[in-house]
Amino acid sequence: MTRSGSPLESPVVSTQTGKQTDPGWEVIVWNDPVNTMSYVVYVFMKVLRFDRDRATRHMLEVHERGRSCVALENREKAELYHQQILRHGLRCTLERVS
Amino acid sequence: MQIHLGKGRVILEFFPAEAHFLSEILGRIAQNYEDADPGVFNGDGLGESGYAEEDVESWRQELREGGDDNARLARRWMAHLRVENMDWISWEMTPEDVGRFLLLANDHRMYLARHFQVTEKDMALELDELEGDDRRTVLLEIHFLAHMMELLLPFAPL
């Protein structure tokens, strides 16, 4: 498995993550046995505003590698994505960039 | 089950047995939201993570209200699926209903999977390969809702 910060496709990156005080938070989506591929693509398009191709690439990364970093943001924005993705039933966590 | 668009609405058509089964599932979805253990909304750990008490309370309240809304919605949808000696049952959904239905249906699939510890292997089995009627019923619900979601996703608002 590749490190979460090196996904197939670059995650959403906030312009504010360059601040020295906050290196940013990664929004990680994890594989699960129940969610369908097309539903995961739909959630990425709806919540993260990905186009279909990009959403599909991240969905496949989740499916094949077990996880995908879908966004790198400041804490507030990352928490918002995290909550919205959880609300849609996907397994999702936040990881602080070290 | 068939699906088509008409006058800006998504129209689902069911055979009576399908409508009856979906109505039963919606009843269980509503019941699950109504019976949700308040303990799941306890917010433990949020204070230590720097959340203000009023934000935690607001989050709890939002979750409770969201669950109540979902239960009411599921019960309202059941009324569309009454089987009254018809050859088929038609249910017209607004695009907003489609989005809400996807959320509720997926919530229920995830609840069933967690509660009955459904694995990837279970998901790949044919129903008659599963042991026990309860487990077969659970997997049938999961797959039935997945099939509905696949039909509805092209019409879901982004």
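What you are looking at is a predicted structure, and each value in this text was computed from that prediction instead of being measured.

*Asks:* I'm lost on the overall build of chain A in this one. Help?
*Replies:* Across its full length, chain A carries three helices and four strands. Along chain A, helices (α) and strands (β) appear in the sequence β-β-α-α-β-α-β when read from the amino end. Burial status across chain A gives 38% buried among its 98 residues. Contacts spanning at least 24 positions in sequence make up 75% of the contacts within chain A whose residues lie at least 6 apart.

*Asks:* Please explain the sheet that holds strand S1 (residues 2–6) of chain B as it appears in this structure.
*Replies:* Adjacent strands of a sheet form backbone hydrogen bonds with each other and so pair up, either parallel or antiparallel. Residue and element names in this part refer to chain B. Read from one edge to the other, the open sheet built from three strands follows the order S1-S2-S3, with strand pairing classed as antiparallel. Sheet topology places S1 and strand S3 (89–93) at the edges, where each strand pairs with a single neighbour. Neighbour-to-neighbour, the strand axes of the sheet open up by a mean angle of 25°, direction not taken into account. For S1 and strand S2 (residues 9–14), the ladder comprises five bridges, and the chain directions are antiparallel. For His4, the partnering residue across the bridge sits in S2 and is Ile11.

*Asks:* Explain the environment of A:Ser38 here, please?
*Replies:* Looking at the secondary structure, you find A:Ser38 in helix H1 (residues 37–48). The spacing of A:Ser38 and A:Met59 is 21 residues in sequence and 8.6 Å in space, taken between C-alpha atoms. Among all residues touching A:Ser38, those that are not within four sequence positions of it are B:Glu150 and B:Leu153.

*Asks:* Help me understand H1(A) in this model?
*Replies:* At 3.6 residues per turn, the α-helix brings residues three or four places apart onto the same side. Given a rise of 1.5 Å per residue, twelve residues ought to cover 16 Å, and the 16 Å separating the end C-alpha atoms of H1(A) matches this to within 8%. Those residues of H1(A) not exposed but buried are A:Tyr39, A:Val40, A:Val41, A:Tyr42, A:Val43, A:Phe44 and A:Val47. Looking at the buried side of H1(A), the elements it contacts are helix H2 (52–65), strand S3 (67–73) and helix H3 (75–87) of chain A together with helix H3 (95–115) and helix H5 (133–152) of chain B. Looking one or two residues past H1(A), A:Arg49 carries a phi angle of roughly 65°, positive in sign.

*Asks:* Any chance you could explain the packing of H1(A) against H2(A) here in plain terms?
*Replies:* Between two packed helices, the angle of one axis relative to the other and the distance separating the axes together describe the packing. Residues and elements named next belong to chain A. Interhelical geometry of H1 versus H2 gives an angle of 125° and a closest axis separation of 9 Å. One element, H1, and the other, H2, form an angle in the oblique class. Handedness of the crossing formed by H1 with H2: right-handed. Within the contact between the two elements, H1 uses Met37, Val40, Val41, Phe44 and Met45 and H2 uses Arg52, Ala55, Thr56, His58, Met59, Val62 and His63. Counted by class, the contact of H1 with H2 contains eight nonpolar, three polar and one charged residues.

*Asks:* Sorry, what's going on with the confidence of the model for chain A here?
*Replies:* Note that predicted coordinates carrying low pLDDT should not be read in detail. Overall, the prediction assigns chain A a mean pLDDT of 85, with 80% of residues at 70 or greater. Overall, residues 1–7 of chain A carries pLDDT values under 50, and its contacts beyond four positions in sequence, including any with other chains, amount to 14 contacts.

*Asks:* It is not clear to me how the interface of chain B and chain A should be interpreted in this structure. Could you clarify?
*Replies:* Where interface size is given, it is often the accessible area lost as the parts come together that is meant. In this complex, chain B contributes 17 residues to the contact, which on the side of chain A involves ten residues. For the side of chain B that touches chain A, the secondary structure elements donating two or more residues are H3, helix H4 (120–124) and H5 of chain B. Considering every element that reaches the side of chain B that touches chain A, the biggest residue donor is H3(B), with six residues. Considered class by class, the residues forming the side of chain B that touches chain A number eleven nonpolar, two polar and four charged.

*Asks:* Explanation requested: the environment of B:Glu13 in the structure shown.
*Replies:* Residue and element names in this part refer to chain B. Residue placement: Glu13 occurs in strand S2. Of the residues examined, Glu13 has 15 C-beta atoms within 10 Å and is grouped as partly exposed. Those residues in contact with Glu13 that sit more than four places away from it in its chain are Gln2, Trp88 and Ser90.

Cut-off values and rules
Residues numbered from 1 in each chain as written. Chains lettered and ligands numbered in written order. Predicted model: local features only at pLDDT ≥ 70, side-chain atom pairs only at ≥ 80, totals over all residues. Helix = DSSP H or I, 4+ residues; strand = E, 2+ residues; numbered from the N terminus. Buried ≥ 20, exposed ≤ 12 C-beta atoms within 10 Å, placed from the backbone. Contact = placed C-beta atoms within 7 Å. Pairing = 2+ DSSP bridges. Axes fitted to C-alpha atoms, helices over the stretch in contact; angles between N-to-C directions. Expected span 1.5 Å × (residues − 1). Parallel < 35°, antiparallel > 145°, perpendicular 65-115°, else oblique. Left-handed = near helix turned anticlockwise from the far one by under 90°. Nonpolar A, V, L, I, M, F, W, Y, C, P; charged D, E, K, R; others polar. pLDDT = per-residue confidence, 0-100.

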